[in-house]
Number of protein chains: 2
Amino acid sequence: MSLLVVGSTAFDTVETPHGTAKDCLGGSSTYFSLAARLFTKVRLVSVVGQDFPAQHRKLLEDRGVDLAGVETKPGKTFRWHGRYSADMNSRETLDVQLNTFGDFKPKVPPMFRNTPHVFLANGSPGTQRSVLDQMDDPRFCVADTMDLWIDREKAGLLELMRHIDGLIVNDSEVKMLTGRTNLIQAGRAALALGPKLVIVKKGEHGCFVFSEHFHHALPAYPTEDVVDPTGAGDSFAGGFMGFLSTCETITSANMKRAVAYGTVTASLTVEGFGVDRIAAADRPSVERRYQELQQFVSGT
Amino acid sequence: MSLLVVGSTAFDTVETPHGTAKDCLGGSSTYFSLAARLFTKVRLVSVVGQDFPAQHRKLLEDRGVDLAGVETKPGKTFRWHGRYSADMNSRETLDVQLNTFGDFKPKVPPMFRNTPHVFLANGSPGTQRSVLDQMDDPRFCVADTMDLWIDREKAGLLELMRHIDGLIVNDSEVKMLTGRTNLIQAGRAALALGPKLVIVKKGEHGCFVFSEHFHHALPAYPTEDVVDPTGAGDSFAGGFMGFLSTCETITSANMKRAVAYGTVTASLTVEGFGVDRIAAADRPSVERRYQELQQFVSGT
């Protein structure tokens, strides 16, 4: 079954201890799409400027990403410039130019409205909600968010949480959202705010998954060569939603498998600058890592 | 099979967001013993002062801990006073009085020298090595260490590592020991220094296990009410070594099971001040948590 993502498309300039990559293709919806397309057809809703080149469109289209929802507006594409710390566990933003993304009002094309699986990449809760209002009746809808919205638009976020099936956040965000310092307590408290599923990302420490029916922990894939962590979270979401959208039924076991696939696609992304590695990945390489990850967590 | 531990016995004063506990029984060998005795007989080698009360001896002896190796010296018992941060992920030492522990020269009683399993709790590499020299020929010997010794006595620590079977360290220590910032690389590099097994503790994020034959990750038991993190690491080591000493053979599967038991005993310790909770634990409560932990990591 198909999958819709709404989020940013960007040019990223990234500095890591491994080097600098200038103006590479980035943005939440791009990383998500390039991970999810390893499992299913992806429908992309985003905005770019007139400077967005045909080669980037081709890269996405060649991998089964439908760009009918990508609007081209007068002006430039969203630009981000960041620098990572020596251990790459933190980063600072050196420059942001929102450009055409600044007043992004997602328009879901009519032929996309029946898409059963929806991912709302990081954005204001109001914008995320406006996408939901355009959809027919999605089977499974998951949203990402960030500290900015928890701080500034908490009421809108809490309202959104009553209309989505899953929330993906990182550990500091879920603590901020719920006011709990213990991560297990925070995960349970987030679940009580509405969604059936709360996934808490912990970077190199993997993730926790909270649902009414189970709690689950999975470590990160044991990557030895992190080159550029940008897009890890969106690639995780892409692998998760991509696999889940191929499942006949959304069972606990399928959700756990989907989390493992998300862990794998995130691990591929961070091994190259920008989208280089995830764009070059194929399904067999994903399956190999999935098996290695199962072995890594196996008790026997 | 029996198990020997060499380490500190102390009076701890601990401040956490949950309150303050004054002069409670503590020390690495105490936490280790109270976790390990849930699986096997424990032989303790340590030193105390004349102020060490009969009730603490009784608490240990009643739980099958043999105190024949605990020396009483003129003066006071080791004292430590620490305060934890609000999220309890860091702590500061407010006061240390080494007292009788200051010139601790472990003497292994003759009837302890044939003990097949040995744990060298945190101490100077020279002191740890002096214990090994007193033992007949242990089947499995594991050592803990800390940043202080990596910084000041690295040569002695590297020498020790060629004579032990396993090393237990935390994530920052293994990075410091090996000069690697990536934890998987650091774990592999530590393994190359001699031991068959390197366990890297990551606090609330669980642990990684590195051996020649497997790499393994296990999350922490999902504890919701951390009261006092003191002794978590030594309780982990106690559960690990305690279970392993009951195994006929030291296989990969048994090492992984032992790591899970260590995770469980650590989770019990942190739910009470000092040794209160681990001293009150019984084997059925350990088995229940072991099963819950298996469920937590299970992919189905």
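This report concerns the structure included in the present document. For clarity, every value in this text was computed on a predicted model and none was experimentally measured. (Residues numbered from 1 in each chain as written. Chains lettered and ligands numbered in written order. Predicted model: local features only at pLDDT ≥ 70, side-chain atom pairs only at ≥ 80, totals over all residues.)

**Observations regarding the overall build of chain A**
Helix and strand counts for chain A come out as 11 helices and 13 strands. For a compact globule of 300 residues, the expected C-alpha radius of gyration is about 19 Å, and chain A comes in at 18 Å, within 12% of that figure. In terms of principal-axis extent, the alpha carbons of chain A reach across some 50 × 40 × 35 Å. Counting only residues that meet the buried cut, chain A has 50% of its 300 residues in that class. Long-range pairs, those at least 24 residues apart, make up 66% of the contacts in chain A with a sequence separation of at least 6. (Helix = DSSP H or I, 4+ residues; strand = E, 2+ residues; numbered from the N terminus. Rg over C-alpha atoms; globule rule 2.2 N^0.38 Å. Buried ≥ 20, exposed ≤ 12 C-beta atoms within 10 Å, placed from the backbone. Contact = placed C-beta atoms within 7 Å.)

**Some details on the sheet that holds strand 7 (residues 91-97) of chain A**
Residue and element names in this part refer to chain A. Strand order across the open sheet formed by four strands is 3-2-6-7, with mixed pairing between neighbours. Because the sheet does not close on itself, it has two edges, and the strands there are strand 3 (19-26) and strand 7. Recorded for the sheet is a direction-independent mean angle of 15 degrees between the axes of neighbouring strands. Where strand 2 (residues 10-16) and strand 6 (residues 78-84) come together, six bridges link them in parallel fashion. (Pairing = 2+ DSSP bridges. Axes fitted to C-alpha atoms, helices over the stretch in contact; angles between N-to-C directions.)

**Topic: the environment of I150 of chain B**
Locating I150 of chain B in the fold gives a position in helix 4 (residues 147-152). Once you skip the residues sitting within four places of it in the chain, I150 of chain B turns out to touch T145, L157, E173, M176 and L177 of chain B.

**Side note on the packing of helix 9 (residues 252-269) of chain B against helix 11 (residues 283-297) of chain B**
Two quantities define a packed helix pair, namely the angle between the axes and the distance from one axis to the other. Residues and elements named next belong to chain B. In the contact formed by helix 9 and helix 11, the axes pass within 9 Å of each other and the chain directions differ by 115 degrees. The two elements helix 9 and helix 11 cross, and the hand of that crossing is right-handed. Listed contacts from helix 11 to A260, Y261, T263, V264, T265 and S267 of helix 9 are V286, R289, Y290 and L293. In terms of residue class, the contact of helix 9 with helix 11 is built from six nonpolar, three polar and one charged. (Left-handed = near helix turned anticlockwise from the far one by under 90°. Nonpolar A, V, L, I, M, F, W, Y, C, P; charged D, E, K, R; others polar.)

**So, the relation of the copies chain A and chain B**
Here the two chain copies are tied together by a rotation about an axis and a shift along that axis. Rotating chain A by 180 degrees and translating it 0.0 Å along the rotation axis places it on chain B, where the RMSD comes to 0.0 Å. Such a turn and shift between the copies fits a two-fold axis. Distance from the rotation axis, computed per C-alpha, reaches its smallest value in chain A at H205 of chain A: 3.1 Å. Interface residue correspondence from chain A to chain B reaches 100%, placing this contact among same-surface, isologous pairings. (Least-squares fit on C-alpha atoms with pLDDT ≥ 70 in both.)

**A word on helix 9 (residues 252-269) of chain A**
For helix 9 of chain A, built from 18 residues, the straight-helix expectation of 26 Å at 1.5 Å per residue is met to within 8% by its first-to-last C-alpha distance of 26 Å. Of all 18 residues that make up helix 9 of chain A, 13 are buried, and the element is covered over most of its length. (Expected span 1.5 Å × (residues − 1).)

**Details of the sheet that holds strand 8 (residues 117-120) of chain B**
Residue and element names in this part refer to chain B. Read across the open sheet, the nine strands follow the order 5-4-1-8-9-10-11-12-13; overall the sheet is mixed. Edge positions in the sheet fall to strand 5 (65-73) and strand 13 (215-218), since each has one partner strand and no second. Averaged over neighbouring strand pairs, the angle between their axes works out to 15 degrees when direction is ignored. As judged from the four bridges shared by strand 12 (residues 207-211) and strand 13, these two strands associate in the antiparallel manner.

**A few points about the pairing of strand 11 (residues 197-201) of chain A**
Each regular strand displays side chains that alternate between the two surfaces of the sheet. Residues and elements named next belong to chain A. In terms of burial, strand 11 is a largely internal element, five of the five residues being buried. Burial of the side chains of strand 11 extends over both faces: L197, I199 and K201 are buried on one face and V198 and V200 on the other. Sheet topology note: the strand 10 (residues 166-170)/strand 11 ladder contains five bridges and is parallel. Across the sheet, the residue bridging to V169 is V200, located in strand 11. Where strand 11 lies against strand 12 (residues 207-211), five bridges are found, and the strand directions are antiparallel. Residue pairing in the sheet places K201 in a bridge with C207 of strand 12. Connecting strand 11 to the antiparallel partner strand 12 that follows it, the hairpin turn spans five residues, and G203 within it adopts a positive phi of roughly 60 degrees.

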